[in-house]
Amino acid sequence: MNRWVGSIFLCIISTLLLTSWLVAAEGETCSGIVPMQYRNDKISILDFGGVGDGRTLNTKAFKEAIFRIQHLKRKGGTLLYIPAGVYLTGPFDLTSRMTLYLARGAVIKATQDPSQWPLVDPLPSYGRGRERPGARYMSLLHGDGLHDVIITGENGTIDGQGDVWWNMWRQRTLQFTRPHLVELMNSRGILISNVIFKNSPFWNIHPVYCSNVVIRYVTILAPADSPNTDGIDPDSSSNVCIEDSYISVGDDLVAVKSGWDQYGIAYGRPSHGITIRRITGSSPFAGIAVGSETSGGVVDVLAEHISLFNMGVGIHIKTNVGRGGMIRNITVSNVYMENARTGIKIAGDVGDHPDENFNPNALPVVKGIKIKDVWGEKVLQAGLIHGLKNSPFSGICLSNINLRGNPGPRNSIWKCSDVSGAAIQVSPFPCAELTSSQKTGACSTYF
Ligand SMILES: *[C@@H]1O[C@H](CO)[C@@H](O)[C@H](O)[C@H]1NC(C)=O
Ligand SMILES: *[C@@H]1O[C@H](CO)[C@@H](O)[C@H](O)[C@H]1NC(C)=O
């Protein structure tokens, strides 16, 4: 080969290698965790008597279609097609090896009649319903012990019509804990993508005791004043990947949990291996949250490239006395926030207890929290870290953080207690508890 041709060739190869490396580094995705399955066998809700007129109750049609998928067990699973139209329904169970496909203009709409909502047992890691003792209403889309479940389509909508439930909550007339929009328990191989979730009665998407869960390209919407309408709550689950989504709700956008006080401690199922990236949204509560129910432990969480607007708290790690559990190796990086009450909050005095029998000596352990590359504008209070006297938070490492207040007198300050760690290039200057000298020493141990 001619020398010139050879060096041009080498140059092209190295450029290609470099660009592919850059793309891989910047554009990491959840793909590969749960493959998008092609289903040969396809059925339509219309074949089962489904009527998309917004008035006919379709619970029976959904149940019969899913019964057919469950019992015919077609090789490669079955796709249930929901064409354009508004399908009013009560809650129903999904089954394994199925795709629920919402076409463009398809709406699965929850009935507002509570008598149509069966009750299910409380979760063992909560010991009772999250807001009322005893049983709880079944979620609109529910599943237990499933694998290979896909909810996708052309950005159709799952609408919880939550206002009747929110009003019952406001008027204190709820008999049982409100239903989630989607809850999958003890399941693996879950993919939720290209769907719009709207007006959930309670939390929107709740994977609990699950593994290998991907949630991407979803939009989740609920009014800012709707109570407890969390976006996505991975709970006692592992290998969960959430990305490229817009969430604007009345409570935390994403909150990683693992059970509640003595019930969560006894059940002992942590959340671990949780990735959250490229999420945009707003809420009067938290953007990226861990807790406050963390009794089974929450470890190995990575949240990056997060954009938050009109927030309560940008990043909120919260637990309480009685929770027990370990919160460790949490990394949050590349966050932009605009107009927030508090930028960063890590606190051991947040949330309520299931009953009086929680153990006041069950102290949570919080260590190895890395927060870096955060930029905030109009952040009223920069940071608040409240450790516990008998269980101080350690290895709290902040770097390259700039949280600007409103113009005028400086009100954007830090408040800390019972915490150790390091802060490097943090503005406004954080509390003295976080040294800038120890640097890597204080921080390298936990990551
Ligand atoms: C659906 O919404 C996602 C996320 O907003 C978007 O990326 C995608 O292009 C939309 N797809 C269609 C078919 O409209
Ligand atoms: C910390 O968590 C990340 C995932 O966010 C993981 O890749 C890493 O191995 C964990 N580090 C340790 C020391 O466990």
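This text follows the structure it describes.
These numbers were taken from a predicted model, which means no experiment stands behind them.

Caption draft 1: Structural context of unusual backbone geometry. Cis geometry is found at the peptide bond from G291 to S292, where omega equals 0°. Structurally, S292 is set in the loop between β21 (271-290) and β22 (298-318). Geometrically, the link from S427 to P428 is a cis peptide bond, its omega value of 0° lying close to zero. In this structure, P428 sits in the loop between β27 (419-427) and β28 (434-435). Its identity as a non-glycine residue notwithstanding, N155 has a phi of 60°, on the positive side. Look at N186: it is not a glycine, yet its phi comes out positive at around 50°. Considering the arrangement of structural elements, one finds N186 in the loop between β13 (182-185) and β14 (188-193). Given a relative accessible area of 35%, N186 falls into the partly exposed group.

Caption draft 2: How the structure looks around the pairing of β14. Burial analysis of β14 places five of its six residues in the buried class, which makes it a mostly covered element. Pairing geometry for strand β11 (residues 147-153) and β14, over four bridges, is parallel. Across the sheet, I151 pairs through a bridge with I192, a residue of β14.

Caption draft 3: Here's a closer look at the sheet that holds β13. Overall, parallel pairing links the four strands, which are arranged β5-β10-β13-β16 in an open sheet. The open sheet has two edge strands with one neighbour each: β5 (92-93) and β16 (205-208). The sheet contact formed by β13 and β16 spans four bridges and is parallel. In the strand pairing of β16, E183 is matched with H206.

Caption draft 4: The arrangement of the environment of S391 in detail. Its location among the elements puts S391 in the loop between β24 (365-386) and β25 (393-403). Assessed through its relative accessible area of 10%, S391 is described here as buried. Counting along the chain gives 27 residues from S391 to P364, while the straight-line C-alpha distance between them is 7.2 Å. Once residues lying within four places of it in the same chain are set aside, the contact partners of S391 are L363, P364 and V365. Within the structure, the side chain of S391 is placed 2.7 Å from the backbone oxygen of P364, a separation counted as a polar contact.

Caption draft 5: Structural detail: the pattern of salt bridges. All chains considered together, the criterion is met by 19 salt bridges. Of the charged contacts in the structure, one is a salt bridge between E64 and K60, with a shortest N-O distance of 3.4 Å. With E64 and K60 both in helix α2 (residues 59-72), this residue pair falls four residues apart, about one helical turn. Owing to a relative accessible area of 36%, E64 belongs among the partly exposed residues under this scheme. Between R278 and E243 there is a salt bridge, with the nearest N and O atoms lying 3.4 Å from each other. On the criterion of sequence distance, the pair formed by R278 in strand β21 and E243 in strand β19 (residues 238-248) is long-range, its members being 35 residues apart. Under the relative-accessibility criterion, R278 is labelled partly exposed at 23%.

Calculation notes
Residues numbered from 1 in each chain as written. Chains lettered and ligands numbered in written order. Predicted model: local features only at pLDDT ≥ 70, side-chain atom pairs only at ≥ 80, totals over all residues. Heavy atoms only, no water. Helix = DSSP H or I, 4+ residues; strand = E, 2+ residues; numbered from the N terminus. Buried < 20%, exposed > 50% of the residue type's maximum accessible area, 1.4 Å probe, protein only. Pairing = 2+ DSSP bridges. Contact = heavy atoms within 4.5 Å. Polar contact = N/O pair within 3.5 Å; in protein donor to acceptor, adjacent residues only side chain to side chain. Salt bridge = Lys/Arg side-chain N within 4 Å of Asp/Glu carboxyl O.

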